[in-house]
Amino acid sequence: MIDVLIEPLQYGFMQRALLVAVAATVVCALLSCWLVLIGWSLMGDAVSHAVLPGVVLAYLVGVPFALGALVFAGIAVALIWLVRGTSRVKEDATIGIVFTTLFALGVVLISKNPSQIDLHHVLFGNLLGLATGDVWQVSILAAVVLAVLVAKRRDLTLFAFDRVQAHTLGLSPAALSALLLSLLAVTIVSALQAVGVILVVAMLIIPGATAYLLTDRMARMLVIAPVLAVIASVVGVYTSYYTDAATGGVVVLAQAVVFTLAYLFAPRQGVVTRFVTRRRSPEGVKTSEPTESVIPG
């Protein structure tokens, strides 16, 4: 068993893959808690797809693709914010228009330069092919997002639960919304090299949804989500090494397995747990239904 754990660590590419997977997973998992509670999961999907033209242009120009991704992530967030705030078009429609348009632009750019762009790495990441510079880049971006989330966690939590009260206490819901969108953009850029444009969406949704099934307190969610996500990521990297499978895909599948277990066997919210509890309860006696709300703090 020890040999199974140690053998992959003898290779530099595995060490870098594990470091980046953990760094990207932690910030994605933390941010996913707020995205799930606010109902912004589709926003993560929109921004992650909208960065595609930025990645393509960065490849063509020869600059770090994280730079291009960050620029277009900002453009996507700004466009969504602008259209939503200056028209009667609803939020879901605005998100759909922006992300499909920018994603289509990326596809067109790829079709015009097919030999210069590795589409597979753009869409699905290249976790085992990262250089030392990539590790530093992801780590720095992740550290910045983590620091801001920790510093503003109480304000963001209040914003997620009660925007009116947040405004009453002197906080600006618009500013907090913009901050969260900006952190989302940076987080997506930091995770792109790990799992790519498509799979980053799962990393921004699954951990928060899993923690939501396991607890009804926000403080616990912010611990459970990153811990389970990191475990799943490490297991996924090791599994991909021994099975020679796509690393990013295996990492997301490992997180999906954790979610499935929580969905079935969570102490209060699990489907199987509730079924067994109803079967064991005396006939005619109603069992209390699990709460669906999450309590701040």
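So, how was this worked out
Residues numbered from 1 in each chain as written. Predicted model: local features only at pLDDT ≥ 70, side-chain atom pairs only at ≥ 80, totals over all residues. Heavy atoms only, no water. Helix = DSSP H or I, 4+ residues; strand = E, 2+ residues; numbered from the N terminus. Buried < 20%, exposed > 50% of the residue type's maximum accessible area, 1.4 Å probe, protein only. Areas by Shrake-Rupley, 256 points an atom, 1.4 Å probe, with all protein chains shown as cover. 1 Å grid on protein atoms, 1.4 Å probe; cavity = no way out; pocket = protein on both sides within 12 Å on 5 of 7 lines; lining within 4 Å. Points joined across faces, edges and corners; volume = space filled by probe spheres on them. Nonpolar A, V, L, I, M, F, W, Y, C, P; charged D, E, K, R; others polar. UniProt positions renumbered as here; feature names shortened; annotations may be inferred. Polar contact = N/O pair within 3.5 Å; in protein donor to acceptor, adjacent residues only side chain to side chain. Contact = heavy atoms within 4.5 Å. Axes fitted to C-alpha atoms, helices over the stretch in contact; angles between N-to-C directions. Parallel < 35°, antiparallel > 145°, perpendicular 65-115°, else oblique. Left-handed = near helix turned anticlockwise from the far one by under 90°. Salt bridge = Lys/Arg side-chain N within 4 Å of Asp/Glu carboxyl O. Patch = residues over 30% accessible without salt bridge, like charges linked within 9 Å, V, L, I, M, F, W, Y side chains within 5 Å.

## Quick word on the overall build of the chain
Counting its secondary structure elements, the chain contains 15 helices and 0 strands. By principal-axis analysis of the C-alpha atoms, the chain measures approximately 70 × 60 × 35 Å. By residue count, 45% of the 297 residues in the chain fall in the buried class. On the chain, roughly 14,500 Å² of surface is accessible, and the fraction owed to carbon and sulfur atoms is 67%.

## Let's talk about empty space enclosed by the protein
Counting across every chain of the model gives 1 cavity of 30 Å³ or more. There is about 60 Å³ of room inside the largest cavity. Residue lining of the largest cavity: I206, P207, T210, A225, L228, A229, A232, Q255, V258 and F259, and that is the complete set. Those elements giving two or more residues to the lining of the largest cavity turn out to be α12 (206-214), α13 (218-243) and α14 (247-265). Ranked by residues supplied to the lining of the largest cavity, first place goes to α13 with 4 residues.

## Regarding the layout of surface pockets
Empty space within the largest pocket amounts to approximately 290 Å³. What lines the largest pocket is a set of 19 residues, and nearest its centre among them are Y59, F65, L130, D134 and Q193. Elements with a minimum of two residues in the lining of the largest pocket: α4 (52-61), α5 (65-86), α7 (119-124), α8 (132-151) and α11 (173-203). For the lining of the largest pocket, the per-class residue count stands at 11 nonpolar, 7 polar and 1 charged.

## Details of the UniProt feature "transmembrane region" (unreviewed entry) in the chain
Here the UniProt feature "transmembrane region" (unreviewed entry) sits at residues 18-43, 55-81, 93-111, 123-149, 169-188, 194-214, 221-239 and 245-266. Segment residues 123-149 splits into 74% helix and 0% strand. End C-alpha atoms: 27 Å apart. Helix and strand shares over residues 194-214 are 90% and 0% respectively, and the end C-alpha atoms of the span are 27 Å apart.

## Quick look at the side chain of T187
Looking at the secondary structure, you find T187 in helix α11. Classification of T187 as buried rests on a relative accessible area of 0%. Side-chain polar atoms of T187 contact the backbone oxygen of L183, separated by 2.7 Å. Those residues in contact with T187 that lie beyond four places of it in its chain are V27, C28, L31, V145 and L204.

## Section: the packing of α13 against α14
Look at α13 against α14: their axes get within 8 Å of each other, and the N-to-C directions meet at 135°. In terms of their interaxial angle, α13 and α14 are classed as oblique. The two elements α13 and α14 cross, and the hand of that crossing is right-handed. On α14, the residues that touch L228, A229, A232, S233, G236, V237, T239 and S240 of α13 are T247, V250, V251, A254, Q255 and V258. Looking at the contact of α13 with α14 residue by residue, the class counts come to 8 nonpolar, 6 polar and no charged.

## Some points on the environment of V27
In this fold, V27 is placed in helix α2 (residues 12-38). A residue is classified by how much of its surface remains accessible, and V27, at 1% relative accessible area, is buried. For the pair formed by V27 and A142, sequence separation is 115 residues and the distance between their alpha carbons is 6.1 Å. Apart from residues no more than four positions distant in its own chain, V27 is found in contact with A142, V145, L146, L149, T187 and S190.

## Section: the packing of α8 against α11
Two numbers describe how α8 lies on α11: the axes approach to 9 Å, and their chain directions differ by 155°. As the angle between them shows, α8 and α11 are arranged roughly antiparallel. Note on packing geometry: the crossing formed by α8 with α11 is left-handed. Counted together, D134, Q137, V138, L141, A142, V145, V148 and L149 of α8 and L179, L183, V186, T187, V189, S190 and Q193 of α11 form the full contact between these two elements.

## Concerning the pattern of salt bridges
Taken as a whole, this structure holds 2 salt bridges when the rule is applied. We note a salt bridge from K152 to D155, for which the minimum N-O separation is 3.0 Å. We note a salt bridge from D216 to R268, for which the minimum N-O separation is 3.3 Å. Placement of D216 in the loop between α12 and α13 and of R268 in the loop between α14 and α15 (271-280) is noted, with a sequence separation of 52 residues between them. Judged by its relative accessible area of 18%, D216 falls in the buried class.

## Concerning a nonpolar patch on the surface
A cluster of nonpolar side chains, contributed by V61, V63, L67, V71, I75, L79 and L82, occupies part of the molecular surface with about 570 Å² of accessible area. Here the element with the most residues in the nonpolar patch is α5; it accounts for 5 residues. Residue position: L82 is located in helix α5. Looking at L82, the relative accessible area reads 47%, which means it is partly exposed.

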